[in-house]
Amino acid sequence: MQPLKLHQLRQPPPLHQHRPNGAPAPVGDTLVVAANAKAIGAVITVDMADSFDGFPYWWTNWNDWYSRIDKMIAAVKARPDITNIDAWEPWNEPDWTWPSASGVPFNEGWVRTYQRIRQSEPNQAIMGPSYSRWDVNWMRSFLGNAKATGTLPQVVSWHELSGWQQVTGNVRAYRALERELGISPRPISINEYAMPSEIDVPSSANHYVAQFEREGVRDAERAFWYEWGTLNGLLHNGRPTASYWMYKWYADQTGNIVKVTPTTSNDGVAAYDPGSRTFSLVFGGQSGDNSIRVDGIGAGLLRDRHPRVRAGLGTHHRRVRGDHAVVEPLHRHRREPHRPGRQPERQRRLPPDDHPEVTGAALETGRRLADERQAGGGPPLSRTMSSGSFQAGKDSAASGCSRPKHARPRLAAQDGGHRAVRQQGTHREVSGAGSPAAAQTSSSAVMPGQTAPACATAF
């Protein structure tokens, strides 16, 4: 976990009975995981419904449910060393797992559960509703009732399991719903994302991460489609998969977020660190040869006249002309899928006769984007990621500013939890072979005192 700088974990509660994805015994107890999470600076969301075994959950009765709530909260309070619980999540995917045997619809069940939690835990954040997908009518009904009963969640959550193409529109629809209902902006947790065909494809995961950055999602957790103990499929037989390296590159980014404008197929996350004068970009999506244009990277000076490129597929180099740079294939060849357990190529240098020459505007490193997000009511993005003045893909262009990145990603994992369809003793493993992986570029530039917007274009 340490190299990925995980910030958020989603785990089953203390004393739970849940056996995920065919595990022979309950795993992932918050009390067991908390110490390791704390050691890397990560916090935990407690998935309370995982107190029950089965999926959909094997509900008993209300008195038993209240007793479970009381016991799991008491178990955490009995451990003063556990200080990294971020939120209590009352239920998971209630749109299809809320038990009819409870005798009440989910909205009423939420009120009862929320009030029971508050009896013994008056201050900790409560997260919900954690629907299996975005549905504006479900969310309108839930939030309207929660507002009327004084049980609004402090963090709003739902799952994105229908393809990365839906994320931006869904997050914006939620923000519009907040305004419609007169609800103050809440942090958003997409606490399960990526369907089985996407989860181990680095470029697909990268599309999700890029949108989470742009739209101000507070945290996001990979859906748990794999056997437990694999860091949600990022490890296979204890070795990193192709997707692991995309997240590792993402975690390595520091400095300021840089705005990214995607194309239809390509997207990415970018960052500029003024301390090390390094610009970093992780991009992916479209197979074949692609070029990424980054404008405004400096006023004529590069600290490193041989910009470095790290690529998951193929070998790339950067050409610099005027005030922009183009990242393109150094050798055009058939691209092989990244095999799990094989580390991508790390650093390549430009040929001696192709030294970059850069003139033009400096990359802006101000806080404008973060300020705009806060002024608009949304929470500041809390990731060490970039959403920057780069543009990916064929036929695209972008411009923008940057904002500070936090010290670690809000990118998270759930391991030993459950997943809709993915649980129940059915375990589905997906290989990323055959799909384009993400690539990362990094370069160092001397930045003058003045600031100016940077721009990136992919073609």
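Counting of residues starts from 1 at the beginning of each chain's written sequence and follows it residue by residue. For a predicted model such as this one, the threshold for reporting local features is a pLDDT of at least 70, and the threshold for listing and counting side-chain atom pairs is 80 or more; totals across whole chains, interfaces and linings nevertheless cover every residue. Only hydrogens and water are set aside; all other atoms, that is, all heavy atoms of the structure, feed into the side-chain values.

### Focus: the overall build of the protein chain
Filter applied, for reference: The helix count covers DSSP runs of H or I at least four residues long, the strand count covers runs of E at least two residues long, and both are numbered beginning at the N terminus. Think of it in three bands: residues with accessible area under 20% of the maximum for their type are buried, residues over 50% are exposed, and the middle band is partly exposed, with areas taken using a 1.4 Å probe on protein chains only. Throughout, a residue-residue contact means that at least one pair of heavy atoms, one from each residue, lies within 4.5 Å. To be clear on the numbers: accessible area is Shrake-Rupley with a 1.4 Å probe, and residue cover counts the displayed protein chains and nothing else.
Across its full length, the protein chain holds 10 helices and 23 strands. Counting only residues that meet the buried cut, the protein chain has 62% of its 459 residues in that class. Of the contacts made within the protein chain by residues no fewer than 6 positions apart, 80% connect residues no fewer than 24 positions apart. When the accessible surface of the protein chain is summed, it comes to about 16,800 Å², and 50% of that surface belongs to carbon and sulfur atoms.

### Focus: the packing of aromatic side chains
Given two aromatic rings, one states the distance between the centres and the angle between the planes to describe the pair. Where we set the bar: Centre distance within 6.5 Å is the pairing criterion for rings of Phe, Tyr and Trp, where only the six-membered ring of Trp is used; planes under 30 degrees apart are then read as stacked, over 60 as edge-to-face, and the remainder as tilted.
Within the structure shown, the criterion is met by 29 aromatic pairs. For the ring pair Tyr-57 and Trp-91, a centre distance of 5.4 Å and an interplane angle of 75° mean the geometry is edge-to-face. Highlighted residues: Tyr-57 in the loop between strand S2 (43–47) and helix H2 (62–77) and Trp-91 in the loop between strand S3 (85–89) and helix H3 (94–97), separated in sequence by 34 residues. Neither residue differs from the other here; Tyr-57 and Trp-91 are each classed as buried. Between the aromatic rings of Trp-62 and Tyr-66, the centroid separation amounts to 5.5 Å while the plane-to-plane angle is 45°, which identifies the pairing as tilted.

### Some words on the nonpolar core
A general tendency of soluble globular proteins is for nonpolar side chains to be buried together. Condition: Definition used in this section: a nonpolar core is a set of buried Ala, Val, Leu, Ile, Met, Phe, Trp, Tyr and Cys residues joined via side-chain atoms within 4.5 Å.
Of all hydrophobic cores here, the largest spans 79 residues; its most connected members are Trp-65, Trp-91, Met-139, Leu-143, Trp-158 and Tyr-193. The dominant element in this core, judged by the number of residues it contributes, is H2, at eight residues. Val-258, Ala-270, Phe-279 and Leu-281 belong to the second largest nonpolar core, which has nine residues in total.

### Topic: helix H6 (residues 167–181)
As a reminder, the rule being used: Multiplying 1.5 Å by the residue count of a helix minus one yields the expected span of that helix.
For H6, with 15 residues, the first-to-last C-alpha span of 21 Å sits near the 21 Å given by 1.5 Å per residue. Taken residue by residue, H6 has Val-167, Thr-168, Asn-170, Val-171, Tyr-174, Arg-175, Leu-177, Glu-178 and Leu-181 as its buried positions. Immediately beyond the C-terminal end of H6, within one or two residues, lies Gly-182, with a positive phi of roughly 70°.

### Quick look at the packing of H6 against helix H8 (residues 202–215)
For any two helices packed against each other, the geometry comes down to the angle between their axes and how far apart the axes lie. For clarity, the threshold we go by: Every axis corresponds to a line fitted to the C-alpha atoms, with the helix fit spanning only the stretch in contact, and the corresponding angles, defined between N-to-C directions, vary from 0 to 180 degrees. Roughly parallel refers to an angle under 35 degrees, roughly antiparallel to one over 145, roughly perpendicular to one between 65 and 115, and oblique to any angle outside these ranges. Less than a right angle of anticlockwise turn of the near helix away from the far helix marks a crossing as left-handed, whereas a clockwise turn marks it as right-handed.
Two numbers describe how H6 lies on H8: the axes approach to 9 Å, and their chain directions differ by 25°. In terms of their interaxial angle, H6 and H8 are classed as roughly parallel. Where H6 crosses over H8, the two elements pack in a sense that is right-handed. From H6, Val-167, Thr-168, Val-171 and Arg-172 reach across to H8, where they touch Tyr-208, Gln-211, Phe-212 and Glu-215.

### A short note on the pairing of S2
The cut-off we apply is this: Only when DSSP finds a minimum of two bridges between them are two strands counted as paired.
A large share of S2 lies buried, amounting to five of its five residues. Of the two faces of S2, the one lined by Val-43, Thr-45 and Asp-47 and the one lined by Ile-44 and Val-46 are each fully buried. As paired elements, strand S1 (residues 8–11) and S2 share four bridges and run parallel to each other. From the neighbouring strand, Arg-10 faces S2, where its bridge partner is Thr-45.

### Some details on the pairing of strand S6 (residues 188–193)
Applicable threshold: Here, the term right-handed applies to a crossover whose path from the first strand over the helix to the second runs clockwise when the strands point away from the viewer.
Along S6, six of the six residues are buried, which leaves the element largely enclosed by surrounding structure. Bridge count between strand S5 (residues 155–160) and S6: four bridges; the pairing is parallel. If you follow Glu-160 over to S6, its bridge partner there is Tyr-193. Once you follow S5 into H6 and on to S6, the crossover reads as right-handed. Alignment of S6 against strand S7 (residues 219–222), held across three bridges, turns out to be parallel. Across the sheet, residue Ser-189 finds its bridge partner in S7, namely Asp-219.

### Some remarks on the environment of Tyr-66
With respect to the secondary-structure elements, Tyr-66 resides in helix H2. Here the alpha-carbon distance between Tyr-66 and Arg-112, two residues 46 residues apart in the chain, equals 9.2 Å. Beyond its immediate sequence surroundings of up to four residues, Tyr-66 is in contact with Arg-112 and Arg-116.

### A closer look at the confidence of the model for the protein chain
What counts is decided by this rule: Values of pLDDT, ranging from 0 to 100, describe the predictor's confidence in every residue of the model.
Averaged over every residue, the pLDDT of the protein chain is 72; residues scoring 70 or more account for 64%. Contacts of residues 309–412 to residues separated by more than four positions or lying in other chains number 413 contacts, the stretch itself having pLDDT below 50. Considering only residues more than four positions removed or in separate chains, one finds that residues 415–437, a stretch of pLDDT under 50, has 105 contacts.

### Here we look at the packing of helix H4 (residues 106–120) against helix H5 (residues 136–149)
Put simply, the rule is: Residues are grouped as follows: nonpolar covers Ala, Val, Leu, Ile, Met, Phe, Trp, Tyr, Cys and Pro; charged covers Asp, Glu, Lys and Arg; every other residue, Gly included, is treated as polar.
Closest axis-to-axis distance for the H4/H5 pair is 10 Å, and the angle between their directions is 40°. One finds that H4 runs oblique with respect to H5. Viewed along their axes, H4 and H5 form a crossing whose handedness is right-handed. Between H4 and H5, the contacting residues are Phe-106, Asn-107, Trp-110 and Val-111 on the first element and Ser-141, Phe-142, Asn-145, Ala-146 and Thr-149 on the second. Looking at the contact of H4 with H5 residue by residue, the class counts come to five nonpolar, four polar and no charged.

### Section: the pattern of salt bridges
We apply this condition: Just to be clear on terms, a salt bridge is a Lys or Arg side-chain nitrogen sitting within 4 Å of an Asp or Glu carboxyl oxygen.
Within this structure, the stated rule accounts for 17 salt bridges. Here Arg-116 makes a salt bridge to Asp-70, at a shortest N to O gap of 2.7 Å. Taken together, the positions of Arg-116 in helix H4 and Asp-70 in helix H2 put the pair 46 residues apart, joining distant regions of the chain. For Arg-116, a relative accessible area of 22% puts it in the partly exposed group. The structure contains a network of salt bridges with shared partners spanning Arg-10, Asp-47, Glu-89 and Glu-192.

### Topic: H2
We count it as follows: Whenever a nitrogen or oxygen atom comes within 3.5 Å of another N or O atom, the pair is scored as a polar contact, on the condition that within protein one atom can donate a hydrogen and the other can accept it, and that pairs from neighbouring residues in sequence are kept only if both atoms are in side chains.
Helix length check: H2 (16 residues) gives 23 Å between terminal C-alpha atoms against 22 Å at 1.5 Å per residue, within 8%. Buried residues in H2 make contact with helix H1 (30–39), S3 and H4. If you check the start of H2, you find a side-chain oxygen 3.2 Å away from the backbone N of Asn-63, and it comes from Asn-61.

### Here's the deal with the environment of Met-48
Within the element layout of this structure, Met-48 appears in the loop between S2 and H2. Met-48 gets classed as buried once you look at its relative accessible area, which sits at 0%. Met-48 sits 44 residues away from Asn-92 along the chain, and the two C-alpha atoms are 8.2 Å apart. Excluding residues within four positions of it along the chain, Met-48 makes contact with Pro-13, Trp-65, Ile-69, Met-72, Trp-88, Glu-89, Pro-90 and Ile-117.

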